Each structure stands twice: as structure tokens, then as C-alpha cells.
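Structural features, examined
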Amino acid sequence: MSHGVGDVGKLPVRKFDALVVGAGGSGMRASLQLAEAGLSVAVLTKVFPTRSHTVAAQGGIGASLGNMSEDHWLWHMYDTIKGSDWLGDQDAIEYMCRTAPEVVYELEHFGMPFDRNADGSIYQRPFGGHSANFGEKPVQRACAAADRTGHAMLHTLYQRNVRARTQFFVEWMALDLIRDADGTVLGVVALEMETGAVMILQAKATMFATGGAGRIFAASTNAFINTGDGLGMAARAGIPLEDMEFWQFHPTGVHGAGVLITEGVRGEGGILLNCNGERFMERYAPNLKDLASRDVVSRSMDQEIKEGRGCGPNKDHVMLKLDHLGPDVILKRLPSIREIALKFANVDCIKEPIPVVPTIHYQMGGIPTNVHGQVVAPSGDDPAAVVGGFYAVGECSCVSVHGANRLGTNSLVDLLVFGRSAGNHVVGLALPGKAHRPLPKDAADRTLARLARLDSATSGESVADVAAALRTTMQAHCGVFRNQELLSEGVRQVMEVEQRVQRTAIGDKSTTFNTARVEALELDNMIETAKATVVSAEARRESRGAQARSDYPDRDDVTWLKHTLWYRDGNRLDYKPVNLKPASVEAFPPKTRTY
Amino acid sequence: MKFRIYRYDPEKDAKPYLQEYDVALDPHDRMLLDALMRVKAVDDTLSFRRSCREGVCGSDAMNINGKNGLACVTNLLELKEPVELRPLPGLPVIRDLIVDMSQFFKQYHSIKPYLVNDERPPEKERLQAPEDREELDGLYECILCACCSTACPSFWWNPDKFVGPAGLLAAYRFIADTRDQAVNERLDNLEDPYRLFRCHTIMNCVDVCPKGLNPTRAIGKIREIMVKRAV
């Protein structure tokens, strides 16, 4: 690990046409396009591809196939825009919803084991916020493989990449982005976890598909690997992060454990009950009830608990009842849910309800991109100038199709649609014939300095303690309901934690599979994500989608119908307009949002 | 709670040893993985893989009191103390509880784990009857954790020649898929004294699978089809 600073020549360099960082759904959908087009492509991943967090998605992929009853991509578009509380960019949402059926059919052709209807077509289930005819009644749009849709999709994409002979760098962690003097991205500095070797992976196009950062909160449905690595790397390289105040609380995480219980449970007919046995969602969302948008359901649950109608000795959760669906439906459509409830809540959901609580689930914001996955940032007069050589897809990106609140099942369709479109865009650049731009001499300096500090520090803060402090702070200050006092104090505390992050030390100095080092490096990324979140949330003085402020309870389209951009440098905020102009259809102007 | 954990760092240990830990648990700690995180908080040199913590990613497979399983779905109440943790048997150890899974994945890749259908796909989905789709239940849910293959004596003796239960389960997943057109090639690929026929139906694989899958049954099905094809 003893590499000198200031001389990139000492680090090994490997060159590719394209580099994808992350092997979840979006990364592997993109790499498939690249490998099949014959580009030299490397996919770098912290974990074996099928262990990426896409594997944990349960309920379905949203696409208006219309297999169950009439559906239309325009209705999907409307639901998505309404779900986003009008913060989503309508051109991107239009593109996603129109393309969704095509990418689902493709996935089926790749071998995805979707559930089937009697006529052999793909089974679709109802889901939160999915409606027919612009909010009129629920529609079955979620294409499902039991309650393991993400697992089936991730394995199918991996399998297809095996067929395409995609080259994976498994258990490699990207540490920093390399940009030259023009700001063009040239690749990453990366760590091979097994050997501790540091290497430069140079590419003519670098694509981040690094996933979300749900682990910056204490109660999260997310995997341990979701530490916002792409966001940290982008922020340190001067790229802004967009709309980071918007974090989705999934209504149904297992109380205490945080493990996800799919919205598909309510799609199949499950209902939420308070301590009086009342189906309280009828009061909050008279039309869609338990299938209202996630932010709405989570707030309603929080409200019930706050007003003393929670369940259990501490009245701190509500109940998800599904026993009335009967064992046949549960065993056929929701087998993993039964397994999870048995293991993590000690209940057999065929007979008893599951204790649930709103739990951090998804990051709507991320690295700003256009519909081709190209990263964009303000430059001069252009609010969305392309950053050369840099792409981002999936949860780490913000295109923005989810706006202030993501519609259930739109995460998987986002991965497929934009993974493919970004892959196609890179293919269109005809990279194999082009030369690599020269690496700057100081390309790895910042990274090597971080590694050197960790190697030499003999005493300091424990990584586990500092990470726990960060999670506790975020949980307490960026929860379902926020206000100025909570957020200002949150900003102060996160800045304090940042000081501690710079003083961490690890006891493990081995170069062989040093997971302590990996966790310390992940903390560098978590803190950037947390800062972006709390600073952006503190500044936005309105309630919209997942940002619910008790001191500013209303949406304010006059002042706040705009995207936040957070810059690491000076914790600076900037804003850019929301795209309210779809390319081929009429716009959906903002209106009051009720379910 | 008391643990005895296999330790080995090739950089400083001439040979592996068992290290004892006694850690205080939080009342909310439910699974073995929760306890392992407590151990790691006091000794950050202990290395193991983990990710989803809900039994779906397959990262934290290890040998727990003599039996392979996933730490994240192994309830602490089921474990006798001191809990003895070792890496998955039969694969080279990289460090502590982390094994080199190359051989395991090589066997998985050897069965061509992808749908083969060279017909031009329809504009919409390929249709598949619900009962045909049901044939894939119990097969596609595999998480590639390697609990099964590394519990199999036949895989221990011949990891380079015997595909192993996980790979064979995957092979049957495609053989059983009505959309797949390469059944004959798949059978040819397995018709070998080792690749398929080293399975001696010891059934350790069934015993340890954290997803409740049955590779032995899948292997039996492949054998049946092979026999039918021969006559």
C-alpha cells in the first residue's frame, strides 16, 4: 500500500473503452448493451454481481402491458408525475413510461421467470399509486415474479451478461473519480479488496451504477453495501448532487428489524390496522386507501402512532394484516414475505398480522443526468451541460423520474430503461476507434492520501462508532416529519460527525481482504451523502412528496417547484428548473395531490 | 455470548487458529450476523462477507456449529455456545471466514446459466402456461451462497470435475424452462462420469439450503431425462 503521492506512473493502469461501476440492475443492463456491441468493458463491483441490492426488490416492475385490464403508458406517466409531487422531469418520465413495456418484454426474452396468467402472459399485480384513467381506479401494472422480482431480474441480467462474456472485476471498490483539467472523466482509482492493490481503471466512458445510500439512516431496508459510494466520489470530484432531501420511507419495514415487506402485500389485498383494529388509510386516502403513494401512507402511519393509536406495548408500530388473503394466495404470490415474517417478526402471516413501521428505503435524488444517462451540471448559462465521459444510472442517479417521491415498481423499470439507454448512448460514441485522453499526473493523489492516512493512523475514532453516530443523527433529524429546528440541529450535528470521520483509525492494517479499510472508505462516501441530504432539506421550506415539514405543511410551487443542487465545495446550494414539457404529449400541470 | 471463530490472515498467520470472543449483545440482536457485527465492532480485523442481512444476497454463508448456513437468517436462540464459526468447507480460505469462490462460480458458469432460444422473439412476451412456469419454482430462487456445494463430499473431492448441487440445480432450471431450446446440448454437457454422476444422493445439499431448495431432486430429474433420452 505504499504508493507515493504525485506520481500516477507508479500505479498500474488498465484501459477499457467503457467502465461501469456497480453490477446491480442498471449497471448490468448497461454492460449488456456494451458487451453485446463488442466494446471492451469492465464492470467493477464491491460484491459478486448477484449480491447487489437489486436482489432485494420484491414486488414488481411497473409497465403498462395491460395484461390484466386496459392500461396505457400515459396513465403510468400521470401516476409517476403525481407520485413525484410534480418534481419529476416530465420528458424523462414520458420516456421511461413509454419505454417500460419494451424493456420488460426484453427481460422476459432474456429468460426472466415472470409469474403467468392463464393465457400465458406476464402476471401483473396492483401497487401503490398505480391507477387507470388518470387516478380513477386501481390498475394491475406491476409485473411480478412472486415476491422475488428483483432477485429474478438480477440473476437474469447476470446470466445474460455471462452469455455476452462481460468482464467483471468482482470485489473491487472504486475509490475516486479521475477528471482532467477540462473536467472530462477518465476513469476511477480502485481497490482490489482481496489483495489491497490500488489500480487505475481508465476508460473513454465511465458509468456509475453504484446504487443508493440507505445505510446513512439507522432504520433502513437497505443492504449494508448501500453506502452511497458513487455519490461520495462524484461530490469529491466537484459534481453536484440533485434533490438529495427526498428520501422515501417505505411504509412496511418489519418493526425492529427494518427488513422490507413489499407493497405487493397491499397490492394483493393486505391492509394496515391501528391499535383499534381500524383500517385507518380509509380516512387519509378515501380512493386508493392502503394503495396510496408511499409518502402518503408513511405519513399516515406516523400520524396514527403520534396520536397514540400505534400497536404493541410501546404503541410504536401498526399492523399489516393479510391472513384474510388465505394460505393459497400467500404461498403462491408472497412466499418470501411469509418467510421474512416468520424469521424477523416471529409471526406466521397466514394467521397473524405483521408489525410494521415506515423505514428508509430509497433515495430519490442523486447524480444529475439526462435521459441518455449523461451526467449534467450547470456550466455558464447552461443549467444542464454534459460532463464529458461520465454517465450515471439507477438509484445513484437523478434523471429525474422520481421527483419528490418514487412510485412503487418504478425503481426496477428505471434501472432497465436508463441502463439500456445509457448503454446505447455509449455504444453510439464509437469508442473503440478513439484514443484515451492522457491521465493527469495527480490523478490518484487524493485517493492515495486517504489510504495513507488510514494506514498510518495508530489511534482515532472507531469507524463503527462514527457511522453509528451518523445514522442516529440522520434518523432523528431527517425523519418522516421535519421542521426547521430539527433540520438546523441536524446540519450542525452532521458537520460535527464530519470532523470525526476525518479522525477515524482502523486496527486492521492487513492488505488481504481488509473489510475494516473498506468500511472506513465507505464512511467517506456516507458523510457526503448525509451532508447533501440534511443541507438540502434544511433549505427547502415547503412540503413536497417525501419532504414533509410540519412548519411548512403546504407545497409551494411559486418558490419551490425546482430541483436542488448541492455542491460539496462550501456546502453550496443551487437550483434548476423542473422540466414540465414532455416531448410528444401534453404536459401535466401541477395540481392538488389526493389519493 | 461466546464464540470460537476461525482466524487466518496469510500475511501474519503461519496457520489458522480458533479465536474466542465473548461479546455483550443488545436485546434487539436476533440473528448471528447481528452478533458478528458486535464482534467486529470490538475487533475490526475479523473479516467476513455480508450485505442484504435478510437471506437473499447469499454473501454471509459460513459453517455454523458444524453446519453450513447464512449468518443473517440464523437465529441466535438456535445456537449452542460457544458458537463455532468456520469458513465454508472445501474452498480455499482467503482470510478468516472469507473463502475463494472461484471454483464454485466456474462450475455454475460451466452449465451455461442463461436461456438459449435463437428464435426471433415476438413483439411482446413469449407465452408460457402457468403450469409450465411452476416447473421453475424451487429452482430459480437459488442465491448462489454455496452452502450446498460446500456441504457435498463429492464436491470436496472433485470440485474441478463435479458440477455440484448449485450448478446442477441451475442446469435443471434451464432444462425445465419451456422457453429454452438447448436441452440436448445441456444434457450432453452433463453426460460424464463426474459432472452429473458424482452425486451420490447424500443429500447434505437439501439439509443445508437456506432457501429450502432441493438440488438432489433436480439432479434426479436430470438423470431421468437422460435415461429417457437414451432409450
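Residues numbered from 1 in each chain as written. Chains lettered and ligands numbered in written order. Predicted model: local features only at pLDDT ≥ 70, side-chain atom pairs only at ≥ 80, totals over all residues. Heavy atoms only, no water.

Side note on the sheet that holds strand β5 (residues 137–143) of chain A
Residue and element names in this part refer to chain A.
- Strands sit in the order β3-β5-β4 across an open sheet of three strands; the sheet is antiparallel. Of all strands in the sheet, those with a lone pairing partner are β3 (61–62) and β4 (124–132), marking the two edges.
- As paired strands, β3 and β5 are joined by two bridges and run antiparallel to one another. Across the sheet, the residue bridging to Ile 61 is Cys 143, located in β5. (Pairing = 2+ DSSP bridges. Helix = DSSP H or I, 4+ residues; strand = E, 2+ residues; numbered from the N terminus.)

Quick look at the nonpolar core
- Counting 185 residues, the largest nonpolar core has A:Ile61, A:Ile354, B:Phe3, B:Leu85 and B:Ile222 as the members making the most contacts within it.
- Broken down by element, this core gets its largest block of residues, ten residues, from helix α3 (residues 90–110) of chain A.
- Aside from chain neighbours lying at most four places away, what touches B:Ile222 is B:Leu168, B:Ala171, B:Tyr172, B:Ile175, B:Leu187, B:Leu190 and B:Leu196.
- Of all hydrophobic cores here, the second largest spans 82 residues; its members include A:Ala190, A:Phe208, A:Ile367 and A:Leu487. (Core = buried A, V, L, I, M, F, W, Y, C linked by side-chain atoms within 4.5 Å. Buried < 20%, exposed > 50% of the residue type's maximum accessible area, 1.4 Å probe, protein only. Contact = heavy atoms within 4.5 Å.)

A short note on the interface of chain B and chain A
- Listed as interface residues are 61 residues of chain B and, on the opposing side, 64 residues of chain A.
- On inspection of chain B and its partner chain A, the count reaches eight salt bridges.
- For the salt bridge of B:Lys211 with A:Glu339, the shortest nitrogen-to-oxygen distance reads 3.3 Å.
- Run the count over chain B and chain A and you get 42 residue pairs in polar contact (both at pLDDT 80 or more).
- Listing elements by their share of the side of chain B that touches chain A, those giving two or more residues are α1 (32–42), β6 (93–95), α2 (102–110), α3 (130–134) and α5 (164–175) of chain B.
- In terms of residue class, the side of chain B that touches chain A is built from 33 nonpolar, seven polar and 21 charged. (Salt bridge = Lys/Arg side-chain N within 4 Å of Asp/Glu carboxyl O. Polar contact = N/O pair within 3.5 Å; in protein donor to acceptor, adjacent residues only side chain to side chain. Nonpolar A, V, L, I, M, F, W, Y, C, P; charged D, E, K, R; others polar.)

Some details on the packing of aromatic side chains
- Tallied over the entire structure, the rule returns 17 aromatic pairs over all chains.
- With a centroid separation of 5.7 Å and an interplanar angle of 85°, the aromatic rings of A:Phe16 and A:Phe169 are classed as edge-to-face. With A:Phe16 in strand β1 (residues 13–21) and A:Phe169 in strand β6 (residues 167–170), this residue pair connects regions lying 153 residues apart in the sequence. Across the pair, A:Phe169 and A:Phe16 agree in class, each one buried.
- Of note, A:Arg406 hangs over the ring of A:Tyr362, and the distance from its end group to the ring centre comes to 4.1 Å.
- Sitting above the plane of the B:Phe174 ring, B:Arg173 keeps its charged end 4.2 Å from the centroid. (Phe/Tyr/Trp six-rings, centres within 6.5 Å; stacked < 30°, edge-to-face > 60°. Lys NZ or Arg CZ within 6 Å of the ring centre and 35° of its normal.)

A look at the packing of helix α13 (residues 463–477) of chain A against helix α15 (residues 515–539) of chain A
All names here are of chain A.
- Taken N-terminus to C-terminus, the directions of α13 and α15 make an angle of 20°; their axes are 10 Å apart at the nearest point. In terms of their interaxial angle, α13 and α15 are classed as roughly parallel. Of the two possible hands of crossing, α13 and α15 adopt the one that is left-handed. Between α13 and α15, the residues in contact are Val 463, Val 466, Ala 467, Leu 470, Arg 471 and Met 474 and Glu 519, Ala 520, Leu 523, Met 526, Ile 527, Ala 530 and Thr 533, respectively. (Axes fitted to C-alpha atoms, helices over the stretch in contact; angles between N-to-C directions. Parallel < 35°, antiparallel > 145°, perpendicular 65-115°, else oblique. Left-handed = near helix turned anticlockwise from the far one by under 90°.)

Some details on the pairing of strand β16 (residues 374–379) of chain A
- Here β16(A) runs beside strand β17 (residues 382–392) of chain A; their pairing, made up of four bridges, is antiparallel. The partner of A:Ala377 across the bridge, within β17(A), is A:Ala385.

What about the environment of A:Ala457?
All names here are of chain A.
- Within the element layout of this structure, Ala 457 appears in the loop between α12 (445–456) and α13.
- Residue class for Ala 457 comes out buried when judged on its relative accessible area of 14%.
- For the pair Ala 457 and Pro 432, spaced 25 residues apart in sequence, the C-alpha separation works out to 43 Å.

Considering the pairing of strand β1 (residues 2–7) of chain B
Residue and element names in this part refer to chain B.
- Bridge count between β1 and strand β2 (residues 17–22): six bridges; the pairing is antiparallel. Looking at the pairing, Phe 3 lines up with Tyr 21 of β2.
- Sheet analysis places β1 next to strand β5 (residues 83–86), joined by three bridges and oriented parallel. Counterpart to Phe 3 in the pairing with β5 is Val 83.

Notes on unusual backbone geometry
- A:Ser400 follows A:Val399 through a cis peptide bond whose omega is -5°.
- Looking at the secondary structure, you find A:Ser400 in the loop between β18 (397–398) and α11 (410–427).
- A cis amide bond links B:Glu81 with the next residue in sequence, B:Pro82, at an omega value of -10°.
- Examined against the element boundaries, B:Pro82 turns out to sit in the loop between β4 (67–70) and β5.
- A positive phi is found at A:Trp86, a non-glycine position, where the angle reads about 65°.
- Assessed through its relative accessible area of 1%, A:Trp86 is described here as buried.
- Here the phi dihedral of A:Thr409 falls at roughly 80°; this positive angle occurs in a residue that is not glycine.
- Position of A:Thr409 relative to the elements: it lies in the loop between β18 and α11.

Describing the sheet that holds strand β22 (residues 572–577) of chain A
Residues and elements named next belong to chain A.
- One open sheet holds the three strands; their spatial order is β10-β21-β22, and the pairing between them is antiparallel. Every other strand in the sheet has two partners, leaving β10 (241–242) and β22 as the edge strands with one partner each.
- For strand β21 (residues 562–567) and β22, the ladder comprises six bridges, and the chain directions are antiparallel. Counted as the bridge partner of Leu 565 is Asp 574 from β22.
- Lying on the sheet, α15 is in contact with β10, β21 and β22; it crosses β21 at an angle near 135°.

Structural notes on the confidence of the model for chain A
- Looking at chain A as a whole, its pLDDT mean stands at 96, while 98% of the residues score no less than 70.
- Across residues 1–6 of chain A the pLDDT falls below 50, and counting only partners more than four positions away or on other chains, this stretch makes 14 contacts in the model. (pLDDT = per-residue confidence, 0-100.)

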